[in-house]
Amino acid sequence: MIEWKTASAEETMALGERLGKLAQAGWVIGLSGDLGAGKTTFVKGFARGLGCDPAGVTSPTFTFLHVYRGRIPVYHVDLYRLETARQASDLGIDEYLGGDGVALVEWFENVPGWLPQTRLELFLEVTGEDTRKIRVGAKGEGFGKILEEAASWG
Ligand code: ADP
Ligand code: MG
């Protein structure tokens, strides 16, 4: 687990952008943290790093899924209003996980067991009005190098 600290929304976006630049098809990233912690802000930066228009990035709270077109597709999922893997599966968004693009899933902990076992996990914490602590960990193989590099970013 590595830890970043940011002092503005733009700093959080910049971290997302750096990670987005390295993103590869098949990646799945879970984001966890209270409302307002900065999950969507991070996704905005991430999408920017992949060449998507960040202005198009908004919270898919009610629609569950937004797709942004960049170097590879970005599947932006929000499970805030879901509680079970069955509900998630019924939406038909499973197919976007681990496919041709990268999936970023807000509130992933709401639906335990739904995300693939191999994934990145981000835990965002509000530490002040404009400050955030972001812990990043990986499950499964393949993210060692990324984490090593990302440890010095923030
Ligand atoms: P979430 O998706 O976790 O509910 P959002 O990204 O939608 O959170 O909202 C985060 C809010 O906090 C935004 O209004 C953003 O401008 C503000 N903010 C202030 N400081 C930061 C920071 N360091 N990182 C991320 N967002 C921040
Ligand atoms: Mg959000």
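For the structure given in this document, a descriptive report is provided here. (Residues numbered from 1 in each chain as written. Chains lettered and ligands numbered in written order. Predicted model: local features only at pLDDT ≥ 70, side-chain atom pairs only at ≥ 80, totals over all residues. Heavy atoms only, no water.)

## Observations regarding the coordination of the magnesium ion (ligand 2)
Rules: Metal coordination here is assigned from N, O and S atoms located within 2.8 Å of the ion, or within 3.2 Å for Na, K and Ca; omission of water means that sites may look incomplete. Only DSSP runs of H or I covering at least 4 residues are called helices, and only runs of E covering at least 2 are called strands; the numbering of each starts at the N terminus. Remark: exposure states derive from per-residue accessible area (1.4 Å probe, protein chains only) relative to the maximum for the residue type, with buried under 20%, exposed over 50%, and partly exposed in between.
Distances from the magnesium ion (ligand 2) to its protein donors, Thr40 (OG1) and Glu106 (OE), fall at 2.2 Å. With Thr40 in helix α2 (residues 39-49) and Glu106 in strand β5 (residues 102-106), this residue pair connects regions lying 66 residues apart in the sequence. As far as burial versus exposure is concerned, Thr40 and Glu106 are alike and both buried.

## As for α2
Of all the 11 residues making up α2, 8 are buried; the element is thus mostly covered by neighbouring parts of the structure. Among all positions of α2, only Lys39, Thr40, Phe42, Val43, Gly45, Phe46, Ala47 and Gly49 are buried. In the segment just after α2, Gly51 is the residue with positive phi, at about 85 degrees.

## Section: the pattern of salt bridges
Oppositely charged side chains are able to pair whenever their charged atoms sit close together. The condition that has to hold: The salt bridge definition used is simple: a Lys or Arg side-chain nitrogen within 4 Å of an Asp or Glu carboxyl oxygen.
Enumeration over the complete set of coordinates arrives at 7 salt bridges. Here Asp90 ties to Arg86 by a salt bridge, and the two come within 3.4 Å at their closest N and O atoms. Taken together, the residues Asp90 and Arg86, both in helix α3 (residues 85-90) and 4 residues apart, mark about one turn of the helix. Residues Asp90 and Arg86 agree in their burial class; the two are exposed. In this structure, Glu121 engages Arg119 in a salt bridge whose closest nitrogen and oxygen atoms are separated by 2.7 Å.

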